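As a plain string of letters, each chain reads:
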Amino acid sequence: MAICSAHTTTTSLHSPCTTTVSNAAGFRQRQVIFFTSSSNRRSCGGGGGGRRHHGGARTSCFQVSCSVDKPVVIGLAADSGCGKSTFMRRLTSVFGGAAVPPKGGNPDSNTLISDTTTVICLDDYHSLDRNGRKEYGVTALDPRANNFDLMYEQAVEKPIYNHVTGLLDPPELITPPKIFVIEGLHPMFDQRVRDLLDFSIYLDISDEVKFAWKIQRDMAERGHSLESIQASIEARKPDFDAYIDPQKQYADAVIEVLPTQLIPGDNEGKVLRVKLIMKEGVKFFNPVYLFDEGSSISWVPCGRKLTCSYPGIKFAYGPDTYFGKEVSVLEMDGQFDKLDELIYVESHLSNLSTKFYGEVTQQMLKHADFPGSNNGTGLFQTIIGLKIRDLYEQIVAERAGVPAEAAKV
Ligand SMILES: Nc1ncnc2c1ncn2[C@@H]1O[C@H](COP(=O)(O)OP(=O)(O)OP(=O)(O)O)[C@@H](O)[C@H]1O
Ligand SMILES: O=C(CO)[C@H](O)[C@H](O)COP(=O)(O)O
């Protein structure tokens, strides 16, 4: 049963990028206008137009040429409730300007737009709405409930999955930004979509911590029962293991969140051990290091310059392998008591891609009220935000054939 193999047909020769999309089960029909972004990892040859055939989709869209203005595309994958929105808020803040939903559009839009970045949520590419998933007995994590053809085409006029009604709302118009972030369950699942990414991140939240965060949000803030939260996590688990978790092998950076090792047997999920796993050899991405690049370091910074109450703070850094690839891993276990003292830690980290001394600390202080600001989740999200800004500047500089300094945002 092909429940969501979308096919597209060209409807207008005068407007070559306008197509009607429907899926095989006829769940949805919509007008979409496509642009195909070719990233620095894809061949830029042959840009400028033409008819292409792939995956059952037939389009007559223009391929955006390899221009300086082409968006840099970032993918962020994680399960639901694992901190994607929080990370996005930290990332857009690094580029300056507030990120807001499209003006005058659907109030339930999942899109966030700032001066430089546009963040779209891949939930909008669910091909089955809530009722459809129920009818076919699939979860939102199942690839059959998602339209990867449309995701790959990067529709400029894209649908909206409405989390309030559970329906697929009429499309919204997205104009190509400088930095285009696609966040959601599956940004690295489909190889075509994956190949569009200039940089990819996976938030790997361990089951214990995910459960603690879910309880915090869905029980304390949304009135769900403990049993229903447990049941929902368990119902999603097989599809999470099959379709979401394997994406981490493709990520350029993984933020892994585990229970602390500083409190034996702790399962409260309040004190966290967080690892920043950074792939080596990624173009325009130099992993951050502690003290000495390539060495294995264990560091307890508590003392005169950093206040630590129980259970303290421990950092570690060193080389490792991850899914057979060489990586550098920076780890922080514990939490900060006084966030302004983070400057002491920052001064011992290198390759941070900051523009001035203390920028990491400044960003963390600016968003001290965001979840995870006192631990490695906030610290590593902020660092990756700064690395993405640096990557963006280097890509733009390379495309323009100018030194990176000239492309600073
Ligand atoms: N670093 C963190 N430390 C502690 N709690 C966190 C952290 N990040 C997220 N949370 C908790 O998880 C909840 C969900 O976070 P967020 O909205 O950023 O996740 P999300 O992946 O975008 O979720 P969804 O996909 O369901 O919209 C927050 O309300 C908070 O309770
Ligand atoms: O995993 C999810 C998104 O991260 C959601 O469960 C999915 O999008 C379905 O949404 P809803 O539960 O509102 O119907």
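For the structure, check the block above.
Being a predicted model, the structure only gives us computed values, none of them experimental.

(A) Fine view of the overall build of the protein. The secondary structure content of the protein amounts to nine helices and 19 strands. Pairs at least 24 apart in sequence give 65% of the contacts found in the protein among residues at least 6 apart. When the accessible surface of the protein is totalled, it reaches about 17,300 Å², and 51% of it is carbon and sulfur.

(B) View of the environment of Pro264. The topology assignment puts Pro264 in the loop between strand E13 (253-259) and strand E14 (272-279). C-alpha separation for the pair Pro264 and Gln381, spaced 117 residues apart in sequence, amounts to 26 Å.

(C) Highlighting the pairing of strand E12 (residues 199-205). By the criterion of burial, E12 is predominantly enclosed, with seven of the seven residues buried. Burial of the side chains of E12 extends over both faces: Phe199, Ile201, Leu203 and Ile205 are buried on one face and Ser200, Tyr202 and Asp204 on the other. Here strand E6 (residues 72-77) pairs with E12 via four bridges, running parallel. From the neighbouring strand, Ile74 faces E12, where its bridge partner is Phe199.

(D) Expanded view of the environment of Thr111. Topologically, Thr111 is positioned in the loop between helix H1 (84-94) and strand E7 (112-113). Taking the relative accessible area as the measure of exposure, Thr111 reaches 1% and is therefore buried. Aside from chain neighbours lying at most four places away, what touches Thr111 is Val100, Pro101, Pro102, Thr118, Val119, Ile120, Asp124, Lys158, Glu172 and Ile174. A distance of 2.4 Å separates polar atoms of two side chains, one belonging to Thr111 and the other to Glu172.

(E) Geometry of the site of ligand 1. Near ligand 1, the surroundings consist of 14 residues, among which Gly81, Gly83, Ser85, Thr86 and Thr377 are the closest. Between an oxygen atom of ligand 1 and a side-chain N or O atom of Ser80, the distance comes to 3.0 Å. Protein contacts shield 80% of the accessible area of ligand 1, which totals 630 Å² for the unbound molecule. Contributing elements (two or more residues each) for the shell around ligand 1: H1 and helix H5 (207-221). Looking at the shell around ligand 1 residue by residue, the class counts come to three nonpolar, eight polar and three charged.

(F) Representation of the packing of aromatic side chains within the structure. Throughout the structure, instances matching the rule amount to eight aromatic pairs. Aromatic side chains Phe95 and Tyr392 sit 6.2 Å apart centroid to centroid with 85° between the ring planes, which places their arrangement in the edge-to-face category. Linking Phe95 in the loop between H1 and E7 with Tyr392 in helix H9 (residues 376-400), this pair joins segments that are 297 residues apart in sequence. Tyr392 matches Phe95 in its accessibility class, with the two residues each being buried. Centre to centre, the rings of Phe291 and Trp299 are 5.1 Å apart; their planes meet at 85°, and the pair counts as edge-to-face. Residue Phe291 is classed as partly exposed on the basis of its relative accessible area, which comes to 39%. Residue Trp299 is classed as buried on the basis of its relative accessible area of 10%. Above the face of the Tyr250 ring, Arg194 is positioned so that its terminal group lies 3.6 Å from the ring centre. A cation over an aromatic ring shows up here: Lys210 above the ring of Phe240, its NZ or CZ 3.6 Å from the ring centre.

(G) Representation of a negative patch on the surface in the model. The grouping of Glu280, Asp292, Glu293 and Glu326 at the surface amounts to a negative patch. For Glu326, the position within the fold is in strand E18 (residues 325-334).

(H) Seen up close, the sheet that holds strand E8 (residues 117-121). Read from one edge to the other, the open sheet built from ten strands follows the order E7-E8-E11-E6-E12-E13-E14-E18-E17-E16, with strand pairing classed as mixed. Sheet topology places E7 and strand E16 (297-299) at the edges, where each strand pairs with a single neighbour. H1 contacts E6, E8, strand E11 (179-184) and E12 of the sheet and is inclined by roughly 165° relative to E11.

(I) Just the site of ligand 2, in detail. In the vicinity of ligand 2, the residues found are Ser80, Asp123, His126, Arg130, Arg133, Ala140, Tyr161, His163, Leu185 and Arg236. One of the side-chain nitrogen or oxygen atoms of His163 is found 2.8 Å away from an oxygen atom of ligand 2. In this structure, Arg236 approaches ligand 2 through a side-chain N or O atom, which is 2.7 Å from an oxygen atom. For ligand 2, whose unbound accessible area comes to 360 Å², protein coverage reaches 81%. Residues of the shell around ligand 2, tallied by class, amount to three nonpolar, three polar and four charged.

(J) Summary view of the state of the cysteines. Across all of its chains, the model carries one disulfide by this definition. Paired through a disulfide, Cys302 and Cys308 show a sulfur-sulfur distance of 2.1 Å. Between Cys302 and Cys308, the S-S dihedral sits near -85°, and the bridge is therefore left-handed. On the basis of relative accessibility, which here comes to 29%, the residue Cys302 falls in the partly exposed class. Just so you know, Cys82 is unpaired, no disulfide at all, and the nearest cysteine sulfur is the one on Cys121, 13 Å from it. Assessed through its relative accessible area of 7%, Cys121 is described here as buried.

(K) The pattern of salt bridges, seen in detail. Overall, the coordinates contain 17 salt bridges when judged by the stated rule. Residue Lys355 pairs with Glu393 through a salt bridge whose shortest N-O separation is 2.7 Å. Of this pair, Lys355 sits in the loop between strand E19 (349-350) and helix H8 (359-366) while Glu393 sits in helix H9, and the two are 38 residues apart along the sequence. Owing to a relative accessible area of 37%, Lys355 belongs among the partly exposed residues under this scheme. Within the structure, one salt-bridge network assembled from shared partners comprises Asp79, Lys210 and Arg236.

About the cut-offs
- The residue numbers shown here count from 1 along each chain, following its written sequence.
- Each chain takes a letter, starting from A, and each ligand takes a number, starting from 1, following the order in which they are written.
- Residues qualify for local features only when their pLDDT is at least 70, as the model is predicted, and side-chain atom pairs are given and counted only at 80 or more; totals for whole chains, interfaces and linings, by contrast, use all residues.
- Side-chain numbers here rest on the full set of heavy atoms in the structure, without hydrogens or water.
- The helix count covers DSSP runs of H or I at least four residues long, the strand count covers runs of E at least two residues long, and both are numbered beginning at the N terminus.
- Working rule for contacts: check all heavy atoms of both residues, and any pair within 4.5 Å makes them a contact.
- All accessible-area figures derive from a Shrake-Rupley calculation using a 1.4 Å probe, and residue coverage is judged against the displayed protein chains alone.
- Accessible area is worked out with a 1.4 Å probe on protein chains only. A residue is then buried under 20% of its type maximum, exposed over 50%, and partly exposed in between.
- At least two bridges found by DSSP between two strands is the condition for calling them paired.
- Between N or O atoms, a polar contact is any pair within 3.5 Å; within protein, one atom must be a potential hydrogen donor and the other a potential acceptor, and residues adjacent in sequence are included only when both atoms are from side chains.
- The near set for a molecule or strand comprises every residue that places at least one heavy atom within 4 Å of it.
- All residues other than Ala, Val, Leu, Ile, Met, Phe, Trp, Tyr, Cys, Pro, Asp, Glu, Lys and Arg, Gly among them, are scored as polar; the first ten of these are nonpolar and the last four charged.
- Ring pairs shown here join Phe, Tyr and Trp side chains whose ring centres sit within 6.5 Å, with only the six-membered ring taken for Trp; geometry is labelled stacked below 30 degrees between planes, edge-to-face above 60, and tilted in between.
- Sitting over a ring, as applied to charges here, requires NZ of Lys or CZ of Arg to be within 6 Å of the ring centre and within 35 degrees of the ring normal.
- Exposure above 30% relative accessible area and no salt bridge define the residues that can form patches, which grow by joining like charges within 9 Å and nonpolar side chains of Val, Leu, Ile, Met, Phe, Trp and Tyr within 5 Å.
- Each salt bridge in this description consists of a side-chain nitrogen of Lys or Arg and a carboxyl oxygen of Asp or Glu lying within 4 Å of one another.
- Neither His nor the chain ends contribute to the count of charged residues, in which Lys and Arg are positive and Asp and Glu negative.
- Each charge is placed at NZ for Lys, CZ for Arg, CG for Asp and CD for Glu.
- To define axes, lines are fitted to C-alpha atoms, for helices over the stretch in contact only, and angles between the resulting N-to-C directions are given on a 0 to 180 degree scale.
- A pair of cysteine sulfur atoms is labelled a disulfide when the two atoms are within 2.5 Å.

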